Amino acid sequence: MAIDKALNQAPLGLGVAGAMQPETMEPDLEIEIEDPESVTIGMGGLEIEIEPGEDEDDEFNENLAEKISEDALESLASELTADYEDDIASRKDWMQTYVDGLELLGMKLEERSEPWEGACGVYHPLLAEALVKFQSETIMATFPAAGPVKTQIIGKETPEKKKSAERVQHDMNYQLTEVMTEYRGEHERMLWGLGLSGNAFKKVYFDPSLDRQASIFVPAEDVVVPYGASNLQTSPRVTHVMRKTENELKKLMVAGFYRDVDMGEPVNSLDDVEKKIAEKMGFRATSDDRYRLLEMQVDLDLEGYEDPDGIALPYIVTIEKGTGTVLAIRRNYEPDDETKQKRTHFVHYGYIPGFGFYYFGLIHLIGAYAKSGTSILRQLVDAGTLANLPGGLKTKGMRTKGDDTPISPGEFRDVDVASGTIRDNIMMLPYKEPSQVLAGLMDKIVDEGRRFAAAADLQVSDMSAQAPVGTTLALLERQLKVMSAVQARIHFAMKQEFKLLKNIIAAYAPEEYSYDPADGDRMVRRKDYDNVDVIPVSDPNAATMSQKVVQYQAVMQMAQATPQIYDMVELNKQMLEVLGIKNIHKLVPGAEDQKPKDPVAENMAIINMKPVKAFAHQDHEAHIQVHMSAMQDPKIAQIVGQNPQAQAMMAAGMAHINEHVAFQYRKQIEETLGVPLPQTKDDETIPQDIENQIASMMAMASVKLSQKNQAEATQQKAQEAAQDPIVQMQMKELELKAKEVGIKEKKLEIDAATQEEKLRIEHERINAQKEIAGLQVGAKTTHSKNELESRMQADGVRLGMQATKDRMELDSKQELEKMRIRASMAKQKPNKE
């Protein structure tokens, strides 16, 4: 039961206020103590009265047995003790099988006198072998050296939650491995009891004497539950049988945890089950000088504390079994829980579920096999003893001189024979050698028991070095199917235990990070535990390390076929974790361990087969140019090409170049958009509406970028073509011909201007003649004028048509010349390529 610590302090600043008054004024702070438990503080017209009172949590966690009458307590103790005896009787058969099976462990050396003195008393190690193997495999899977706890984030993963999960995992493992030094021993004892009886319990609580959390192993015989109950949470009663010395009980009474009553002397007796267990395990115990306490979790409707609806509420009642004295009654639900659900203090570990509450263990499953194997083994040993040292009958008068000790090799003794030969006076009993049929039967029984207990080793003959990993995995899964199911149950129970421990550790964790060496430098705070769940490091899908290794080998084979969809670095890290390798981050550095490098250093790393990584802020165009230059360098290509890993180097180099290309493409898209794109992790998603808007903007930006790149590519091709010497000569010829065409055009323009000038002069001459002739010419002049104008118009049309014809001929010649030059360039370009 958790103990809350509270400290009531007086209001701050009262003393300071009195000290700050002027020296000329008398302080008006008055403290009046009439009752040592009642203090009145007066300051001016203000009075603060501190009355004694109880904290709400202290009142809720109080011992109700102090306030209930003795008659009611005696009646309650009698009723609950009777229920406890009924629960003991309900599991009698299960308990009897468990107690009888303890003898089959062979922990006690048996000196047999039947059928003769010194007969074989060995036990077949089938049961002990299966139990030791189960305990060894399970402790390695559930409690590795780094600690048994790992964390998982509740809800959306954020950098803050990830850091909190790392701190919680480190703190929990530190608590279980360094602070709770008894935890590993208790866990191993729990596994031994679990495999043996099929049931084991862990009690998780805050220990005020240690000032920390505790998780202790409770044997199955000390936790009594009605046989028909389904689980601890729904059971009407859960009784924890505890044993306390007189001094321990006195300490708890002085601390106020139990009622301070006279208990008298403890009843020095053991019940039948305890005596049998001690006897079977090789101990001699007839009495116990400790008090036996029954701590019972029950639902009660206590007088004076009735529920308005008449519902029985959860309580914890502690009774001393010998005297029937009720020592404590406390509420067993949270103060702020309106539904008043029962709080859980125990975790039930089970081996193989049965019909009732109690699970079945190896004693119940292979106890009969172990008993039969032991019987046959003793018969074989006894048969060998009789065959080596046979007995028989002899005549009464026959005497052997000396003693009756066995005859040593090479020794002869004198014999007095009454009559006849020695053979006639001695008859050997027909003892046979140990039976091969009996030996084969024992092997068959033992093999069946091992197979049933999932303790048999996989035969090497069943495996093949050429067998696919899938086949090997199928054989392992078939062999370890039962053990895998047991491991899954243990994994689930450990998860419940870690949740209880997490709640206690979080309740007593500091509010802020502590850097004080006196506090242990706890780099975790209470808030870190809010969004983090703790789970065991064990894998419920694999019972042994070999099974996990084969599983990862199957994944690696799949990764070789499609490496582009696997994170090979992370896969290899997880494989090393399964193998138990330390300092994995030093052996296989991940992406988070990489730092930015210059392009030459990256080329050196690629050649040396070391990992490289591109970063968003780098000059990707320069990196790509340096990498491509190195790949196209003939000297480097010649030397690297002789390396057996050349293809891997080329693949790594191209993969790294692709990283830079991807970053460069993103940068160009951002430059085209004019805004940076949102940064998201692989496991993060953008809201759908925002993602659609960004996609629309990216579509337009990608089109612009594509057009820009196409234009640059066309321009680059033109520049490359212009640098060809043949093309340059043809361009010069074209320029010369263009100049000649220009000269011809200028000449035609001059000729046309001259002709126009001649026409103007002629026109002026005619006008002058017209003025001279005047009216004398009359109608003749008019006719001549018309004729002359017609002639002039005809001459002008003729000259215009001639000029147009000359221009068209010149344009045709220029076009033909250009077409000839293009055809020549197109014909020469393939030859160049």
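Values in this document were obtained by computation on a predicted structure and should not be read as measured data.

Looking only at helices and strands, the chain features 24 helices and 17 strands. By residue count, 33% of the 833 residues in the chain fall in the buried class. The contacts of the chain with a sequence gap of at least 6 include a subset with a gap of at least 24, amounting to 65%. Of the roughly 52700 Å² of accessible surface on the chain, 54% is carried by carbon and sulfur atoms.

Moving on: the packing of helix α18 (residues 599-607) against helix α19 (residues 620-632). Contact geometry of α18 with α19 gives a least axis separation of 9 Å together with a crossing angle of 40°. With respect to α19, the axis of α18 lies oblique. Remark: the crossing between α18 and α19 carries right-handed chirality. Across from Pro599, Val600, Glu602 and Asn603 in α18, the residues of α19 making contact are His623, Val626, His627 and Ala630. Here the residues of the contact of α18 with α19 sort into four nonpolar, three polar and one charged.

Judged by nonpolar contacts, the single largest core of 74 residues is most densely connected at Leu194, Tyr349 and Tyr351. Counting residues per element, this core draws most heavily on helix α14 (residues 481-507), at 11 residues. Membership of the second largest hydrophobic core comes to 23 residues, among which are Leu80, Val224, Tyr315 and Val317.

This part is about the sheet that holds strand β9 (residues 291-300). The strand order across the open sheet built from five strands is β7-β8-β9-β10-β11, with neighbouring strands paired in antiparallel fashion. With partners counted over all chains shown, the strands left at the sheet margins are β7 (223-224) and β11 (325-331), one partner each. Pairing of strand β8 (residues 237-244) with β9 involves eight bridges; the strand directions are antiparallel. Within the sheet, the bridge partner assigned to Met242 lies in β9 and is Leu293. In this fold helix α3 (residues 70-90) packs onto β7, β8, β9, β10 (313-320) and β11, with an angle of close to 95° to the strand it touches most, β9. Sheet contacts for helix α8 (residues 246-254): β8, β9 and β11; angle to β8, the most-contacted strand, approximately 115°.

To continue, consider the side chain of His345. Counting through the fold element by element, His345 comes out in the loop between β11 and β12 (346-350). Under the relative-accessibility criterion, His345 is labelled buried at 10%. Of the polar contacts made by the side chain of His345, one reaches the side chain of Asn332; its length is 2.9 Å. If we skip the residues at most four places from it in the chain, His345 touches Lys202, Lys203, Val204, Gln297, Ile316 and Asn332.

With that out of the way, let us pick up the packing of helix α5 (residues 126-142) against helix α7 (residues 183-197). Their axes nearest at 9 Å, the elements α5 and α7 cross at an angle of 140°. Taken as axis vectors, α5 and α7 run oblique relative to one another. Relative to α7, α5 is oriented so that their crossing is right-handed. Packed against α5, whose contacting residues are Leu131, Val132, Phe134, Gln135, Thr138, Ile139 and Thr142, the element α7 presents Arg184, His187, Glu188, Leu191, Trp192, Leu194, Gly195 and Leu196 at the interface. Of the residues assigned to the contact of α5 with α7, the class counts are eight nonpolar, five polar and two charged.

As a further point, take the pattern of salt bridges. If charged atoms from side chains of opposite charge come close, those side chains can pair. All told, the structure shown has 21 salt bridges when counted by the stated rule. One salt bridge in this structure joins Arg212 and Glu182, with 3.0 Å as the shortest N-O distance. Highlighted residues: Arg212 in strand β6 (residues 212-219) and Glu182 in the loop between α6 (159-179) and α7, separated in sequence by 30 residues. A salt bridge links Arg666 to Glu670, with the shortest nitrogen-to-oxygen separation between them at 3.5 Å. Of the two residues, Arg666 and Glu670 both sit in helix α21 (residues 646-673), four residues apart, roughly one turn of that helix. A single salt-bridge network, built from bridges that share partners, covers Arg167, Arg525 and Asp528.

Before going further, it helps to examine unusual backbone geometry. Despite not being glycine, Asp211 has its phi angle at roughly 60°, a positive value. Here Asp211 is to be found in the loop between β5 (199-207) and β6. For Lys340, which is not glycine, the phi torsion reads 55° and is therefore positive. Within the fold, Lys340 resides in the loop between β11 and β12. Using a relative accessible area of 27% as the deciding quantity, one classes Lys340 as partly exposed.

Looking now at the sheet that holds β6. Spatially, β6-β5-β12 is the arrangement adopted by the three strands of the open sheet, whose pairing is antiparallel. Strand pairing shows two members of the sheet lacking a second neighbour, β6 and β12, which therefore form its edges. Put simply, the sheet's adjacent strands are angled 20° from each other on average, direction ignored. Pairing between β5 and β6: eight bridges, direction antiparallel. Directly across from Ala200, in β6, lies its bridge partner Pro219.

Any region with low pLDDT has predicted coordinates that should not be read closely. Residues with a pLDDT of 70 or more make up 78% of the chain, whose mean pLDDT is 78. Confidence, read as mean pLDDT per element, is least for helix α1 (residues 14-19) in the chain (36) and greatest for β12 (94). A low-confidence stretch, residues 43-54 (pLDDT under 50), is modelled with 24 contacts involving residues beyond four sequence positions or located in other chains. Under a pLDDT of 50 for its full length, residues 456-465 has, in the predicted model, 12 contacts with residues more than four places off or in other chains.

Before going further, it helps to spend a moment on the side chain of Asn173. In this structure, Asn173 sits in helix α6. Here Asn173 is in contact with Ala146, Gly147, Pro148, Val149 and Glu178, once residues within four sequence places are set aside.

Attention shifts here to α18. For α18, the full list of buried residues reads Pro599, Glu602, Asn603, Ala605 and Ile606. Viewed end-on, α18 has its buried residues packed into an arc of 160°, placing them on one side of the element. Elements that come into contact with the buried residues of α18 comprise α19 and α21. Between a side-chain oxygen at the N-terminus of α18 and the backbone nitrogen of Val600 the separation is 3.1 Å; the capping residue is Asp598. The positive-phi residue at the C-terminal boundary of α18 is Met609, with phi of around 60°.

Moving on, we come to a nonpolar patch on the surface. A cluster of nonpolar side chains, contributed by Leu393, Met427, Leu429 and Tyr431, occupies part of the molecular surface with about 370 Å² of accessible area. By the element assignment, Leu393 lies in strand β13 (residues 392-394).

Rules behind the numbers
- Residues numbered from 1 in each chain as written.
- Predicted model: local features only at pLDDT ≥ 70, side-chain atom pairs only at ≥ 80, totals over all residues.
- Heavy atoms only, no water.
- Helix = DSSP H or I, 4+ residues; strand = E, 2+ residues; numbered from the N terminus.
- Buried < 20%, exposed > 50% of the residue type's maximum accessible area, 1.4 Å probe, protein only.
- Contact = heavy atoms within 4.5 Å.
- Areas by Shrake-Rupley, 256 points an atom, 1.4 Å probe, with all protein chains shown as cover.
- Axes fitted to C-alpha atoms, helices over the stretch in contact; angles between N-to-C directions.
- Parallel < 35°, antiparallel > 145°, perpendicular 65-115°, else oblique.
- Left-handed = near helix turned anticlockwise from the far one by under 90°.
- Nonpolar A, V, L, I, M, F, W, Y, C, P; charged D, E, K, R; others polar.
- Core = buried A, V, L, I, M, F, W, Y, C linked by side-chain atoms within 4.5 Å.
- Pairing = 2+ DSSP bridges.
- Polar contact = N/O pair within 3.5 Å; in protein donor to acceptor, adjacent residues only side chain to side chain.
- Salt bridge = Lys/Arg side-chain N within 4 Å of Asp/Glu carboxyl O.
- pLDDT = per-residue confidence, 0-100.
- Arc of directions from axis to C-beta.
- Patch = residues over 30% accessible without salt bridge, like charges linked within 9 Å, V, L, I, M, F, W, Y side chains within 5 Å.

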